[in-house]
Amino acid sequence: MAVRDVALQTNENIFRFESGQWRSIPDDKFWLADDVWVGKLEVAVAKQVIDACEPPGKYRVAPVRQYGQLCTFVLELGNATPYGWDEEHRLSHCIALSRIVRPTTVSHAYAARITAESDGARIDPGPVQGHFSQAFISDASLRDWLDQADLELLRILLKQFRWSEIPSRVQRAMRLHENAAHREYLEIMWPMIVTAIEALVHTDRRHSTSQFVMRTAALATEIGMAGVSEDALNKIYDLRSSYVHGQGSIKNLKGDELELFDCASAILRGAIRKAIEDTSFRDVFADDDKIRSRWPIA
């Protein structure tokens, strides 16, 4: 039986943009690897996936759905049982890497295994509930989809990505970054982003602020973000404690704090990306002494 695991992203967040901007969403299959592509499922199948992943409810008059498929991550499995979803984490890693390229709201809310049968498709929902059923971005005015350039970069990252070869520090940073994307509230999301950066640069119990500020500034320069000030990084580090007391949703971020959050997120994404692409850079995170030597603190 031909089997596909899918994670569908809906288009409910794109209607704030002019329709001309949507043209940057690829219509055809974009192959990221021999077995993974991003594109659009057949309209009828996409509707069936959404139907299968949502509670059906019971109505006198069925409500009209106000959204549909934007794009879908697809893992072609060939012959497999109808049971399970992404057991080898192929799609999950791909989605996590896509968020390194560009943060979007793609999640597991519409994840399913599609099994071709003689009388149609069997659809078994994947992990459609829990924290990973939603994802959030900091600025609603930003594009919430991957364009051709993003997908080309994602294909390169996926080809270079080997989880077992990545130092544990970078693995922790990736896990925290992906987990943070699924948390709406700043008291959780902001400390996660800061902790993910600390996973890369923190080596000693003392002088934690100096380690974060000075090493992150140096790290930002290495990944092409020259000019990130130590004052800004001090604010980012201090705000992780302020937000623990509760400051509401990521959707409420604006002004200087939105800029600081996006700066921290960009540094984290850039460092993870460079660690995947550059073996010599990646090797630094395998040894505390290498970190101390490369990014010394006063």
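Refer to the structure presented above.
Residues numbered from 1 in each chain as written. Predicted model: local features only at pLDDT ≥ 70, side-chain atom pairs only at ≥ 80, totals over all residues. Heavy atoms only, no water.

Colleague: Hey, could you run me through empty space enclosed by the protein in this one?
Modeller: Any empty space left between the atoms is revealed when a probe the size of a water molecule rolls over them. This model, assessed by the stated rule, comprises one cavity of 30 Å³ or more. Its boundaries defined by the atoms lining it, the largest cavity holds a volume of some 50 Å³. Lining the largest cavity are Ile25, Pro26, Val38, Gly39, Cys71, Leu146 and Leu151. Split by residue class, the lining of the largest cavity holds six nonpolar, one polar and no charged. (1 Å grid on protein atoms, 1.4 Å probe; cavity = no way out; pocket = protein on both sides within 12 Å on 5 of 7 lines; lining within 4 Å. Points joined across faces, edges and corners; volume = space filled by probe spheres on them. Nonpolar A, V, L, I, M, F, W, Y, C, P; charged D, E, K, R; others polar.)

Colleague: What's the story with the pairing of strand β5 (residues 111–117) in this structure? I'm lost.
Modeller: Regular strands place side chains that alternate from one sheet face to the opposite one. For β5, the tally of buried residues reaches five of seven residues, placing the bulk of the element in the interior. Direction of pairing for strand β1 (residues 2–10) relative to β5: antiparallel, over a ladder of five bridges. In the sheet register, Arg4 faces β5, and the bridge partner there is Ile114. Here six bridges tie β5 to strand β6 (residues 120–125), and the two strands are oriented antiparallel to one another. Among the inter-strand pairings, Ala116 is bridged to a residue of β6, identified as Ala121. Between β5 and β6, which follow one another and run antiparallel, lie two residues. (Buried < 20%, exposed > 50% of the residue type's maximum accessible area, 1.4 Å probe, protein only. Helix = DSSP H or I, 4+ residues; strand = E, 2+ residues; numbered from the N terminus. Pairing = 2+ DSSP bridges.)

Colleague: Is there a simple way to think about the pattern of salt bridges in this case?
Modeller: All chains considered together, the criterion is met by 20 salt bridges. Residues Arg4 and Glu42 are paired through a salt bridge, measuring 3.8 Å at the closest nitrogen-oxygen approach. Taken together, the residues Arg4 in strand β1 and Glu42 in the loop between β3 (36–39) and α1 (43–53) connect sequence positions 38 residues apart. Given a relative accessible area of 44%, Glu42 falls into the partly exposed group. A salt bridge links Asp278 to Lys274, with the nearest nitrogen and oxygen atoms 3.6 Å apart. (Salt bridge = Lys/Arg side-chain N within 4 Å of Asp/Glu carboxyl O.)

Colleague: What is the right way to read the sheet that holds β6 from this model?
Modeller: Sheets are built from strands that pair by backbone hydrogen bonding, the pairs being arranged parallel or antiparallel. With antiparallel pairing, six strands are arranged side by side in an open sheet as β2-β3-β4-β1-β5-β6. Here the strands that pair on one side only, and so sit at the sheet edges, are β2 (30–31) and β6. Together, β1, β3 and β4 (69–79) form the strand contacts of helix α2 (residues 90–101), whose direction differs from that of β4 by roughly 145°. (Contact = heavy atoms within 4.5 Å. Axes fitted to C-alpha atoms, helices over the stretch in contact; angles between N-to-C directions.)

Colleague: Whenever I open this one, the side chain of Ser133 confuses me. Can you help?
Modeller: Within the secondary structure layout, Ser133 lies in the loop between β6 and α3 (148–160). Setting aside anything within four residues of it in sequence, one finds Ser133 in contact with Ser107, His108, Ala109 and Val128.

Colleague: Would you explain the side chain of Arg269 in this entry?
Modeller: Within the secondary structure, Arg269 sits in helix α8 (residues 255–277). Non-local contacts of Arg269, meaning those with residues more than four positions away in its chain, are made with Arg99, Ile100, Pro103 and His177.

Colleague: Would you mind showing me how to read the packing of aromatic side chains here?
Modeller: Aromatic ring pairs are described here by two measures, namely the spacing of the ring centres and the angle between the planes. Counted by the stated rule, this structure contains seven aromatic pairs. Ring centres of Phe161 and Trp163 lie 6.2 Å apart, and the angle between their planes is 50°; this geometry places the pair in the tilted category. On the basis of an interplanar angle of 40° and a centroid distance of 5.7 Å, the ring pair of Phe285 and Trp295 is categorised as tilted. One end of the pair, Phe285, is in the loop between α9 (279–284) and α10 (288–294); the other, Trp295, is in the segment after α10, with ten residues separating them in the sequence. As far as the burial class goes, Phe285 and Trp295 line up, both buried. Grouped by ring-pair contacts, the aromatic residues Phe281, Phe285 and Trp295 constitute a single cluster. (Phe/Tyr/Trp six-rings, centres within 6.5 Å; stacked < 30°, edge-to-face > 60°.)

All we've got here are geometric facts, nothing functional implied.
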